[in-house]
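# Architecture and fold: a report
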Amino acid sequence: MIGPSPRCFAIVSEVGVPLVTLEGVSKSFGDHRVLTEIDLAVDAGEVVVVIGPSGSGKSTLCRCVNRLETIDEGRILFEDRPIPAEGRELAHMRSRVGMVFQSFNLFAHRTILDNVTLGPVKVLGQKRAAAEARARELLERVGIADKADSLPRQLSGGQQQRAAIARALAMDPVLMLFDEPTSALDPEMISEVLDVMRSLASSGMTMIVVTHEMGFARSAADRVAFMADGRILEIAPPATFFDAPQTDRARDFLARILRH
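Residues numbered from 1 in each chain as written. Predicted model: local features only at pLDDT ≥ 70, side-chain atom pairs only at ≥ 80, totals over all residues. Heavy atoms only, no water.

The chain goes by ABC-type polar-amino-acid transporter in an unreviewed UniProt entry, where it is assigned to Frankia canadensis.

Written out as structure tokens, the structure is:
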């Protein structure tokens, strides 16, 4: 059971200025166009869930926001400034954006506590004692406080993903990116990770979530963005999207995925 948040993640941003803005973003891998003229603005405190068929560009979009992939055209603004190309400014920006991947990417030879503590100590310059106290607070929040001294291999997949979420939160990010965070999990482990994500969403954390979990999209999103063939075909509040999709492609996708 996930307890209430010990701190609120709502971000105070300049009135009328989105936290993240994508303007005309396009991306190709060789001759394959993956993203085409993506326009998207995400406000502070908003949860945007990106759904669509496999190969539609969802994960690439997510990775471009953190500049893990470079874009070919358009621009991406973070806190109303273009994402830096490299160097210290890019490192600083990335320290403010947490990312959780399909694979957990934990350091196998370090304890869970060390995994969560390492970034704040090495990147943010926090004292070890303060970083450990915060790490234990976060591990408690995601429901694995008793695993602090365990190695990743001693945890289930769901527990490892919750540790990865705690590690990202330890950097005190203003934005969390989730790229298919439950796709590598057994079905019985998915709900424990989604519960943590719902708790984050309700606490005011700004989130962009790429997922196939339609229940999460319906219950936790402020808006659902539907992608196909590298484009955002429609974006709307969950009730509007799921009850009255506007495009044939979205209607066909929902008919297929909700049937199973």
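### Concerning the UniProt feature "domain: ABC transporter" (unreviewed entry) in the chain
In the numbering used here, UniProt assigns the feature "domain: ABC transporter" (unreviewed entry) to residues 20–254. Annotation note: span residues 20–254, helix share 39%, strand share 26%, distance between end C-alpha atoms 27 Å. (UniProt positions renumbered as here; feature names shortened; annotations may be inferred. Helix = DSSP H or I, 4+ residues; strand = E, 2+ residues; numbered from the N terminus.)

### Considering the packing of helix 3 (residues 112–122) against helix 4 (residues 128–141)
Helix 4 packs onto helix 3 with a crossing angle of 125 degrees between their chain directions and a minimal axis gap of 9 Å. Regarding the angle of helix 3 to helix 4, the classification is oblique. Remark: the crossing between helix 3 and helix 4 carries right-handed chirality. Where helix 3 approaches helix 4, its residues Ile112, Leu113, Asp114, Val116, Thr117, Pro120 and Val121 are matched on the opposing element by Arg128, Ala131, Glu132, Ala135, Arg136 and Leu139. Counted by class, the contact of helix 3 with helix 4 contains eight nonpolar, one polar and four charged residues. (Axes fitted to C-alpha atoms, helices over the stretch in contact; angles between N-to-C directions. Parallel < 35°, antiparallel > 145°, perpendicular 65-115°, else oblique. Left-handed = near helix turned anticlockwise from the far one by under 90°. Contact = heavy atoms within 4.5 Å. Nonpolar A, V, L, I, M, F, W, Y, C, P; charged D, E, K, R; others polar.)

### Some details on the sheet that holds strand 1 (residues 20–29)
If you walk across this open sheet you meet the four strands as 2-1-4-5, and the pairing is antiparallel. Here the strands that pair on one side only, and so sit at the sheet edges, are strand 2 (32–42) and strand 5 (81–82). Two strands pair when backbone bridges link them, and strand 1 and strand 2 are joined in this way by seven bridges, in the antiparallel orientation. Counterpart to Phe29 in the pairing with strand 2 is His32. (Pairing = 2+ DSSP bridges.)

### With respect to the packing of aromatic side chains
Centre-to-centre distance and the angle between the planes together describe a pair of aromatic rings. Tallied over the entire structure, the rule returns three aromatic pairs. Both rings, one in Phe226 and one in Phe253, keep their centres 5.3 Å apart while their planes meet at 50 degrees; by these two values the pair is tilted. Linking Phe226 in strand 9 (residues 223–228) with Phe253 in helix 9 (residues 248–257), this pair joins segments that are 27 residues apart in sequence. Of the two residues, Phe226 and Phe253, both sit in the buried class. Aromatic pair Phe241 and Phe242: ring centres 5.3 Å apart, planes at 80 degrees, arrangement edge-to-face. The same class applies to Phe241 and to Phe242, which are both buried. Put simply, the rings of Phe226, Phe241, Phe242 and Phe253 pair up and form one aromatic cluster. (Phe/Tyr/Trp six-rings, centres within 6.5 Å; stacked < 30°, edge-to-face > 60°. Buried < 20%, exposed > 50% of the residue type's maximum accessible area, 1.4 Å probe, protein only.)

### Considerations on the sheet that holds strand 7 (residues 175–179)
Spatially, the six strands line up as an open sheet ordered 6-7-8-3-9-10, and their pairing is mixed. In the strand order of this sheet, the two ends are held by strand 6 (97–100) and strand 10 (231–236), each with one partner. On average, adjacent strands in this sheet sit at an angle of 15 degrees to one another, irrespective of strand direction. Pairing between strand 9 and strand 10: five bridges, direction antiparallel. Bridge assignment links Val224 to a residue of strand 10, and that residue is Ala236.

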